[in-house]
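Results of the structural survey
Given next are the chains, with one letter for each unit.
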Amino acid sequence: MRCLTGAEVSLYAVERCLSRSRKQHEFFIFASIMNQSFLDTPIEYVKGLGPARAEVLKSELGIFKVMDLLEYFPFRHIDRTVFHRVADIDNEGMSVQLKGHIIRMQELGSGRASRLSATFQDESGQIELLWFKGIKWIKPKIKAGVTYVIYGKPSEYKGTWNIAHPDLELESKMAKLEGGRFQAVYSSSEKLGKKGLNSAGIAKVIRNALTQLPPQMAETLPQDMIEELNFPARRAAIINMHAPESMEDYVRALNRLKFEELFFLQLILLRQKLVSTKRTVGARFSAVGEIFTTFYKNHLGFELTGAQKRVVKEIRNDVNSGYHMNRLIQGDVGSGKTIVALLAGLLAIDNGYQICLMAPTEILAQQHYEGFQKMLEELPVKVALLTGSVKTAERRRIHEGLESGEINILIGTHALIEPKVKFKCLGMAIIDEQHRFGVAQRAKLWAKAQLPPHVLVMTATPIPRTLAMTMYGDLDISVIDELPPGRKAIKTVHRTDAHRLSVFAFLKEEIAKGRQVYVVYPLIEESQSMDYKDLMDGYESISRSFPMPEYQISIVHGKMKPEDKDYEMRRFAKGETQLLVATTVIEVGVNVPNASVMVIESTERFGLSQLHQLRGRVGRGAEQSYCILMSGLKLSSDARTRIKTMCETNDGFKISEVDLELRGPGDIMGTQQSGLMNLKVANLATDQEILSKARKMAIVKMDEDPDFTLPQNELIALGLKKALKQRKDWSKIS
Ligand code: ADP
Ligand code: MG
């Protein structure tokens, strides 16, 4: 028999489709004969999916084609061969599969409170099963004397365990259950559920599509890469994501798909960066001049740490390269980023340029201003402060001084990016605590100079390097990973309200030694008035326990006028008050070296990086410092993890890793990169290792063949094009 050619096959199929009635099923066969195009077939034509159900898949999940459906991956698999014992149930975290009988059943309560309770028994013990909904439907189905397999998440109520709304299946039916040993679990929604597309419904549709999968499926990675990385073929990976024979197969499939996703993401970032560094010319600061040298020799007051020296050198290379610098300095609280930024700024000034420094809060801007003035007082450098509360006349003087070039350094808050603020010759913009400034705000600074000013961003939210390179794709990164010598690790403890008296006694001891104390309350915008009340109640109770005149207390909160805030902060900074009771306005940056205790109230309401920042306010002097985390007794498991992490480590990098795992990178970085962060399978927080591997491989491939024109790299070119298109679509959405 002669084999049919490809064209004949498709003609044959078309004929069949046309000659018989156009049933969906046939179109499906037709499409699968067409191999690759099967994956592009609209999902209506998948067996078991009519137009109505296809419509909800489109609107709810954005699944249009068979390939989209196959790339809708389960978030978990249940191993149907592993059974737990009732007697072994001891935590709420994990779902269990049990085998046994239902020996009793009763309806309890009435009306809205009614529920069905069944006692389930295996050879090791008994557990209660509960249904709050669908009682009428479920009750007649439950039979005595037959063996059931149940699956669900146990929870504890008053010392006994129960499972609410378990999956319930007759053991005799289990053998016939489709989907193999590992049952895939998909996330669904109410709308999908109503159309029969709950997890099991979706599983069934996907299984149908899998049985029609063509024997050949286009690869997305070059063969040499697949071999080198020991990955399964793409077809096998897709199958094993949904219906693996073993967990190892699943993990291998998952790793391949994660790698693929991160690899193309890295390619996009590397290419963006190549473009931006190639194109943008920047001011060149070729001379290390008089001011820099004098300051470094005579006014620094301490020796820079090795890490600081390294970063200064990196900046020096950037600004002397003729290209525009876009650099991020990552360093833990207290690692000495400010001095590095100042030295960078002096390079600009020595070369005839002005600089500006943006801080996220007025207090911090003020403090930078005072710090800079003090350090520079004997040098011919003029520093000005511009914040929202600067009066009109003074503001005008500043505007003039900037345009004439008389002012060398402008420090301030958002006020700096107002259009009225014009420089004679802005050479560098330094941004402190970057997470509060968006990319758009950075861009406004560019408008203020002939050449784009060099940009130096300082952040105290350190994150792992590869991740940072992914998140701040357009920035080069320097890390200050060394603290100035002589710092003592801050001792951190967790206390509840029951310990309040002993905490106060401890504070009194510290104050008696001449130290100062911060007491910080949370301030969350939405519940401002409640938070304000908490703060005031706290202030009152502290005033009673620390009475005047022996003790002086400062209070600072968001409702105060800037002058009053300032006055109170100053009293504390000068040592006139021993306690500072405040909302989180002191979070970033303030520097009072004599303060040795940080008490944080309602710790459970703070995020990890915020807690770390707050703790960083102490431990700045030579004394042993303490951080006391106060909380209620009842804590969510996330809150418990945050507190435990704080008690265990002072290392900002470790803390941010935990934070990433708890919150996910999107939350931490805000929405600025959300288009990029929109990943299907990979997780930037937990897939560090794969991320590094993908980045390394992307660099190698770009070096070999920057535009992917070699035949062996054709698939990379294709994948990159597709990835770029996807990212673009996402960025349009956000
Ligand atoms: P951060 O990185 O949190 O912004 P700062 O720049 O505020 O830290 O520095 C914290 C303190 O450490 C400041 O008082 C600063 O003067 C001091 N400092 C910075 N570098 C050194 C150093 N190399 N040796 C000693 N003290 C230093
Ligand atoms: Mg700082």
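What comes next is a walk through the structure. (Residues numbered from 1 in each chain as written. Chains lettered and ligands numbered in written order. Predicted model: local features only at pLDDT ≥ 70, side-chain atom pairs only at ≥ 80, totals over all residues. Heavy atoms only, no water.)

**What to know about the pattern of salt bridges**
Across all of its chains, the model carries 31 salt bridges by this definition. Residue Arg310 pairs with Asp481 through a salt bridge whose shortest N-O separation is 3.8 Å. Of the two residues, Arg310 sits in helix H14 (residues 306-319) while Asp481 sits in the loop between strand S16 (476-480) and strand S17 (491-496), which places them 171 residues apart along the sequence. Looking at Asp481, the relative accessible area reads 52%, which means it is exposed. Close ionic contact of Glu704 with Lys701 constitutes a salt bridge, the shortest N to O distance being 3.9 Å. (Salt bridge = Lys/Arg side-chain N within 4 Å of Asp/Glu carboxyl O. Helix = DSSP H or I, 4+ residues; strand = E, 2+ residues; numbered from the N terminus. Buried < 20%, exposed > 50% of the residue type's maximum accessible area, 1.4 Å probe, protein only.)

**Some remarks on the sheet that holds S17**
What holds strands together in a sheet is hydrogen bonding between their backbones, with the strands either parallel or antiparallel. The strand order across the open sheet built from 6 strands is S17-S22-S21-S18-S20-S19, with neighbouring strands paired in parallel fashion. Each end of this open sheet is capped by a strand with a single partner; those strands are S17 and strand S19 (553-556). The mean angle between the axes of side-by-side strands here comes to 20°, regardless of whether they run parallel or antiparallel. Of the strand pairs in this sheet, S19 and strand S20 (residues 579-583) are connected by 4 bridges, and their pairing is parallel. What sits directly across from Ile555, in S20, is Val581. (Pairing = 2+ DSSP bridges. Axes fitted to C-alpha atoms, helices over the stretch in contact; angles between N-to-C directions.)

**A closer look at the site of ligand 1**
In the vicinity of ligand 1 there are 16 residues, among which Gln308, Gly334, Lys337, Thr338 and Arg487 approach most closely. Residue Gly334 places a main-chain N or O atom 2.6 Å away from an oxygen atom belonging to ligand 1. One of the backbone nitrogen or oxygen atoms of Gly336 is found 3.1 Å away from an oxygen atom of ligand 1. Each residue belonging to the shell around ligand 1 can be placed in one class, and the counts come to 4 nonpolar, 7 polar and 5 charged. (Near = heavy atom within 4 Å. Polar contact = N/O pair within 3.5 Å; in protein donor to acceptor, adjacent residues only side chain to side chain. Nonpolar A, V, L, I, M, F, W, Y, C, P; charged D, E, K, R; others polar.)

**Points about helix H20 (residues 500-512)**
Look at H20: 18 Å from first C-alpha to last across 13 residues, which is about the 18 Å you get at 1.5 Å a residue. Summarising the contacts, the buried residues of H20 are in contact with S17, strand S18 (516-521), helix H21 (528-545), S20, strand S21 (595-600) and strand S22 (626-631). Looking one or two residues beyond H20, the residue adopting positive phi is Gly514, at roughly 95°. (Expected span 1.5 Å × (residues − 1). Contact = heavy atoms within 4.5 Å.)

**Observations concerning the pairing of S18**
Among the 6 residues of S18, 6 are classified as buried, and the element is accordingly described as predominantly covered. Of the two faces of S18, the one lined by Gln516, Tyr518 and Val520 and the one lined by Val517, Val519 and Tyr521 are each fully buried. Bridge analysis of S18 against S21 gives 5 bridges, and the strand direction is parallel. Bridged to Val520 within S21 is Ile600.

**Details of unusual backbone geometry**
Cis peptide bonds are those with omega within 30 degrees of zero, and the linkage from Met548 to Pro549 qualifies with 0°. Tracing the chain through its elements places Pro549 in the loop between H21 and S19. Phi at Ser602 takes a positive value of approximately 45°, unusual for a residue other than glycine. Secondary-structure assignment places Ser602 in the loop between S21 and helix H23 (608-615). Here the phi dihedral of Phe708 falls at roughly 55°; this positive angle occurs in a residue that is not glycine. Tracing the backbone through its elements, the reader meets Phe708 in the loop between helix H28 (688-704) and helix H29 (714-733).

**Concerning the environment of Ile417**
Mapping Ile417 onto the fold places it in the loop between strand S13 (409-412) and strand S14 (426-432). Counting along the chain gives 31 residues from Ile417 to Lys448, while the straight-line C-alpha distance between them is 8.6 Å.

**A closer look at the nonpolar core**
If you look at the biggest cluster of nonpolar residues, it comprises 56 residues, and the most contacted ones within it are Phe259, Leu262, Phe263, Leu267 and Leu410. Here this core takes 9 residues from helix H12 (residues 247-279), the largest share from any one element. Three or more residues apiece are contributed to this core by two domains, here domain 3 (219-279 + 690-728) and domain 4 (290-480). Sequence-distant contacts of Leu267, defined by excluding residues within four places in its chain, comprise Ala698, Met702, Phe708, Ile716 and Leu720. (Core = buried A, V, L, I, M, F, W, Y, C linked by side-chain atoms within 4.5 Å. Domains from an automatic or database assignment.)

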